[in-house]
Amino acid sequence: MSGRTAATKQKLFDAALRLVGERGAASVTVDEIAAEAGVAKGTVYYNFASKDALVDALFRHGVDLLAARLRVAQDEADTADAMAALVEGMLGFFAEYPAFGQLLVSELWRTPGQWHGTLSLLRDDLVSIVRGQVQRLADAGRLPEGVQVGTASAALFGTVLVVALDWQVFGPERSLAQVRDSVLLLVRGLGKA
């Protein structure tokens, strides 16, 4: 992909993300995405076969970016440091891309959702990264007895996603470190229950 094509696709992603994050994917038109990106409508169709293809690519692009942030935790030897890196990576991503968090929440649990199949696969990819870190906690004996790794992983992912959205909407004056530390205190407290 040439630099110009990549830049155009990024402009389209950013425009679509802003609009879709505000109003949901179904209510945004290709004309609106093109206008928001400052390109001709044909440019959208040149780069993506349809609005649906653009939104699908938007989900994949966003999840790839988030997954890269979550994978940083894998480099931490200490499980507590790994959990902090995981939580901070998620919070940092959603602070940078709050519209993607809104879009993820609104489309992931929409029933039936047009992008449910794509989002289910992408959600599984993200939760599997979280699951790796929770499994490390379990292997170290740091999960309460009876807590299943899969359930804990989905709960942690959902918790951080909702906390990130709540932070952006209701508490933007709080720092990333403050929010991260609050989530980590919660996670550690549950480990002692």
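Structural data are supplied above this passage.
Residues numbered from 1 in each chain as written. Predicted model: local features only at pLDDT ≥ 70, side-chain atom pairs only at ≥ 80, totals over all residues. Heavy atoms only, no water.

(A) Looking closely at the overall build of the protein chain. When helices and strands are tallied, the protein chain shows nine helices and zero strands. Overall, the C-alpha framework of the protein chain stretches about 55 × 35 × 35 Å when taken along its three principal axes. Split into buried and exposed, the 193 residues of the protein chain put 42% on the buried side. For the protein chain, long-range pairs separated by at least 24 residues make up 68% of all intrachain contacts whose partners lie at least 6 apart in sequence. With the model as given, the accessible surface of the protein chain reaches about 9800 Å², and the carbon-plus-sulfur share is 54%. (Helix = DSSP H or I, 4+ residues; strand = E, 2+ residues; numbered from the N terminus. Buried < 20%, exposed > 50% of the residue type's maximum accessible area, 1.4 Å probe, protein only. Contact = heavy atoms within 4.5 Å. Areas by Shrake-Rupley, 256 points an atom, 1.4 Å probe, with all protein chains shown as cover.)

(B) Looking closely at helix α4 (residues 51–71). Taking 1.5 Å per residue as the helical rise, α4 with its 21 residues ought to reach 30 Å, and the 30 Å between its terminal C-alpha atoms agrees with that figure. Among the residues of α4, those classed as buried are Lys51, Leu54, Val55, Asp56, Ala57, Leu58, Phe59, Gly62, Val63, Leu66, Ala67 and Leu70. On its buried face, α4 is in contact with α1 (3–23), α2 (30–37), α3 (41–47), α5 (79–96), α6 (98–108) and α7 (116–139). Where α4 begins, one side-chain oxygen reaches toward the backbone nitrogen of Asp52, 3.4 Å away; that side chain belongs to Ser50. (Expected span 1.5 Å × (residues − 1). Polar contact = N/O pair within 3.5 Å; in protein donor to acceptor, adjacent residues only side chain to side chain.)

(C) View of the packing of aromatic side chains. Considering all chains together, one arrives at four aromatic pairs under this definition. Each residue in the set Phe93, Phe94, Tyr97 and Phe100 is aromatic and connected to the rest through ring pairs, giving one cluster. For the cation-ring pair, Lys9 lies above Phe48, with the distance from its terminal atom to the ring centre recorded as 5.3 Å. (Phe/Tyr/Trp six-rings, centres within 6.5 Å; stacked < 30°, edge-to-face > 60°. Lys NZ or Arg CZ within 6 Å of the ring centre and 35° of its normal.)

(D) Summary view of the environment of Val72. Its location among the elements puts Val72 in the loop between α4 and α5. Exposure remark for Val72: the relative accessible area of 43% places this residue in the partly exposed category. Separated by ten residues in sequence, Val72 and Ala82 have C-alpha atoms that sit 8.1 Å apart.

(E) The arrangement of α1 in detail. Here α1 contains 21 residues, and its C-alpha end-to-end distance of 30 Å stays within 8% of the 30 Å for a straight helix at 1.5 Å per residue. Within α1, the full set of buried residues consists of Thr8, Leu12, Phe13, Ala15, Ala16, Leu17, Leu19, Val20 and Gly21. Of the surrounding elements, those touching the buried residues of α1 are α2, α3, α4 and α6. Positive backbone phi, approximately 90 degrees, marks Gly24, located one or two places after α1.

Function-wise, these values are silent; they only describe arrangement.
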